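What follows is the residue order along each chain.
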Amino acid sequence: MTVENALLKDLQGRGLVAQMTGEDELEGHLSEGSRTLYCGFDPTADSLHIGSLVPLLALKRFQQAGHKPLLLVGGATGLIGDPSFKAEERKLNTPDIVNNWVEKIKTQVGRFVDFDCGEHSAEVVNNLDWTQNLDVLTFLRDVGKHFAVNQMIHKESVKQRIEREGEGISFTEFTYMILQSYDYQVLNKSHNCSLQIGGSDQWGNITGGIELTRRMNRQHVFGLTLPLITKADGTKFGKTEAGTVWLDPERTSPYAFYQFWINSADADVYNFLRYFTFLSVEEIEGVQRQDAEAQGRPQAQGILAKEVTRLVHGEEGLQAAERITQALFSGDTSALSEGDYQQLSLDGLPSSNLDVVNLADIPLTTLLSEAGLAPSGKQVKDALQRKAVIVNGDAYGMEDNMRAGEVFSSSQARFDRYFLVKLGKKKHHLFVL
RNA sequence: GGUGAGGUUCCCGAGUGGCCAAAGGGAUCAGACUGUAAAUCUGACGCGCGAGCUUCGGUGGUUCGAAUCCACCCCUCACCA
């Protein structure tokens, strides 16, 4: 039986399918009607980062195709820690911290799917609900009995922890797989859930769940994994000099988020369009063709930044990000009006108040590193020596280091109170008198 | 509990009494070239404008001088019980 399924075809066309169980069967299963699927998100911080974006958007793709997504927040599994492909054992977080994170992630995750669209409305579930009152003996007898340690040991995901010299794995983390498998079995029973998706690192855990569901519920269920996002230059995806790119606007501003995407390399950007946007594969190919024909700067990065920022931060967040970007990168900042300056800090351009009184005593290195333009004064020094510090359009050097009072004298300020400081090509900060 | 191997700056990883703020690589930052791209080249890369200050699991000790030697302790891993 081979049934063409438009959703699966699209996912495959985007390169979004890493592995799946029984392709033909799954195609048939999805084509026959509305199905319920789930994906888990463990709370390892108070926000998800862009690594979770691929599965979140995948759930949305399924929902758009008429299926019902369940977003599982790992209130229980987050207490244990997933060992899959992790090089080392992680330290446990306290229950109230995890609980706090669960609440935040619940609301975050909810923005990506529709909760009010009839029978395929999304639901958020928490695996703590069905595990916290599970007693050990029941768990060991009813669930644990279905797992063969010999098999678990040979899972690729824990291999390096078992085999690698100098590493080990605690029973706690080793048991993670059983917990996640149990989730699938429970959701199959309670919600008739028949598909689990996740990152490709979850393959081992997902197949574990499929087997458990077969044994305990006598149900044939499916699994599908999404690829790990990689960059052409081999560096880790999702990091900038400021660290992880988070989905929470408090942690990564819409402006910084937008900038992350606009800085994508040409070698990655068309793949990212496929992974992270809802533009059709044909549209993306069209963009790529146009970029290849046009001389110079491609349009793909701009489209990517626009689409993803809108998905995550909404139209307002996108507009704020675009306003700042436009003001700072379009060349001449002297054209900005007083209102523009006010808007910039409202939009999330890093800004701070300047204390004029002590200015004479503070070296620029200290002032600018404390403002967040660089992690240490050393880097500011380096930038100064290369004339890479620009204040309101004028470059300053190391010889100006002890002359903050003159650099930031009120007569130099725009509209008597604004200083736009640029360090290097991409880092900006607004000082307000 | 026993035996063995380890714990070095963001990561990997050299260093085994002064020449060590500590090789090399990666990551990161800045400059040149560009397109807020890649590649390449240059510089920075514990902190400090600087004099200088603080590091090599922890605590004590030996020494003019310790990441390096000694003692005790903590932690990780492997094998055995």
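Being a predicted model, the structure only gives us computed values, none of them experimental.

A.B. asks: Just checking my understanding: could you explain the overall build of chain A for this structure?
C.D. replies: A count of helical and extended segments in chain A gives 20 helices and 13 strands. Here the C-alpha coordinates of chain A stretch approximately 80 × 50 × 40 Å along the principal axes. Taking all 433 residues of chain A together, 48% fall into the buried category. The long-range share in chain A, meaning contacts at least 24 apart out of those at least 6 apart in sequence, stands at 73%. A gap of 3 Å separates the mean positions of the 43 positive and 57 negative side-chain charges of chain A.

A.B. asks: What exactly am I supposed to notice about the sheet that holds strand 3 (residues 68-73) here?
C.D. replies: Working definition: the strands of a sheet are paired by backbone hydrogen bonds and lie parallel or antiparallel to each other. Read across the sheet, six strands follow the order 1-6-5-2-3-4 without closing on themselves; strand pairing throughout is mixed. Single-partner strands in this sheet number two, and they are strand 1 (19-20) and strand 4 (123-126). Across six bridges, the pairing between strand 2 (residues 36-41) and strand 3 is parallel. If you follow Cys 39 over to strand 3, its bridge partner there is Leu 71. Packing against the sheet, helix 5 (residues 95-109) makes contact with strand 2, strand 3 and strand 4, and its axis sits at approximately 160° to strand 3.

A.B. asks: In this structure, what is going on with unusual backbone geometry? I would like to understand it.
C.D. replies: With the exception of glycine, the majority of residues adopt a negative phi angle, and the majority of peptide bonds are in the trans configuration. Phi at Asn 392 is positive, roughly 45°, even though this residue is not glycine. Here Asn 392 lies in the loop between strand 10 (389-391) and strand 11 (394-396). A relative accessible area of 8% places Asn 392 in the buried class. A positive phi angle is found at Asp 416, which is not glycine, with a value near 65°. Residue Asp 416 is classed as exposed on the basis of its relative accessible area of 61%.

A.B. asks: Looking at this structure, how should I read the protein's contact with RNA strand B?
C.D. replies: As a matter of local geometry, RNA strand B sits amid 36 residues, with Asn 263, Asp 266, Thr 325, Asn 401 and Lys 425 nearest to it. The sugar-phosphate backbone supplies 63% of the atoms of RNA strand B found within 4 Å of the protein. Here a base nitrogen of RNA strand B sits 3.3 Å away from a polar atom, N or O, in the side chain of Gln 301. At the level of elements, helix 13 (254-262), helix 16 (300-329), helix 18 (364-370) and helix 19 (377-385) are the ones that each hand at least two residues to the surface near RNA strand B.

A.B. asks: Help me understand the pattern of salt bridges, please; the structure alone is not making it clear to me.
C.D. replies: For side chains of opposite charge, pairing can occur when their charged atoms come near one another. Per the stated rule, a full pass over the model turns up 15 salt bridges. Here Lys 106 makes a salt bridge to Glu 103, at a shortest N to O gap of 3.7 Å. Linking Lys 106 with Glu 103, this pair stays in helix 5, spanning three residues, or about one helical turn. Classification of Glu 103 by relative accessible area gives partly exposed; the value is 42%.

A.B. asks: I keep staring at the confidence of the model for chain A and nothing clicks. Help me out?
C.D. replies: Taken over all residues, the pLDDT of chain A has a mean of 90, while the share at 70 or more is 98%. As a predicted assembly, this complex carries a pTM of 0.90 together with an ipTM value of 0.85.

A.B. asks: I would appreciate a short explanation of the pairing of strand 6 (residues 222-226) in the present structure.
C.D. replies: On a regular strand, one side chain projects to one face of the sheet and the next to the other, so that they alternate. Of all five residues in strand 6, five are buried, a share of seventy percent or more. A two-sided burial pattern is seen for strand 6, the buried positions comprising Phe 222, Leu 224 and Leu 226 on one face and Gly 223 and Thr 225 on the other. Pairing geometry for strand 1 and strand 6, over two bridges, is antiparallel. Of the residues in strand 6, the one forming a bridge with Gln 19 is Thr 225. When strand 5 (residues 193-199) meets strand 6, the two strands line up parallel, connected through five bridges. Counterpart to Gly 199 in the pairing with strand 6 is Leu 226.

Reading guide: rules and limits
- Residues numbered from 1 in each chain as written.
- Chains lettered and ligands numbered in written order.
- Predicted model: local features only at pLDDT ≥ 70, side-chain atom pairs only at ≥ 80, totals over all residues.
- Heavy atoms only, no water.
- Helix = DSSP H or I, 4+ residues; strand = E, 2+ residues; numbered from the N terminus.
- Buried < 20%, exposed > 50% of the residue type's maximum accessible area, 1.4 Å probe, protein only.
- Contact = heavy atoms within 4.5 Å.
- Lys, Arg positive; Asp, Glu negative; His and termini not counted.
- Charge placed at Lys NZ, Arg CZ, Asp CG, Glu CD.
- Pairing = 2+ DSSP bridges.
- Axes fitted to C-alpha atoms, helices over the stretch in contact; angles between N-to-C directions.
- Near = heavy atom within 4 Å.
- Polar contact = N/O pair within 3.5 Å; in protein donor to acceptor, adjacent residues only side chain to side chain.
- Salt bridge = Lys/Arg side-chain N within 4 Å of Asp/Glu carboxyl O.
- pLDDT = per-residue confidence, 0-100.

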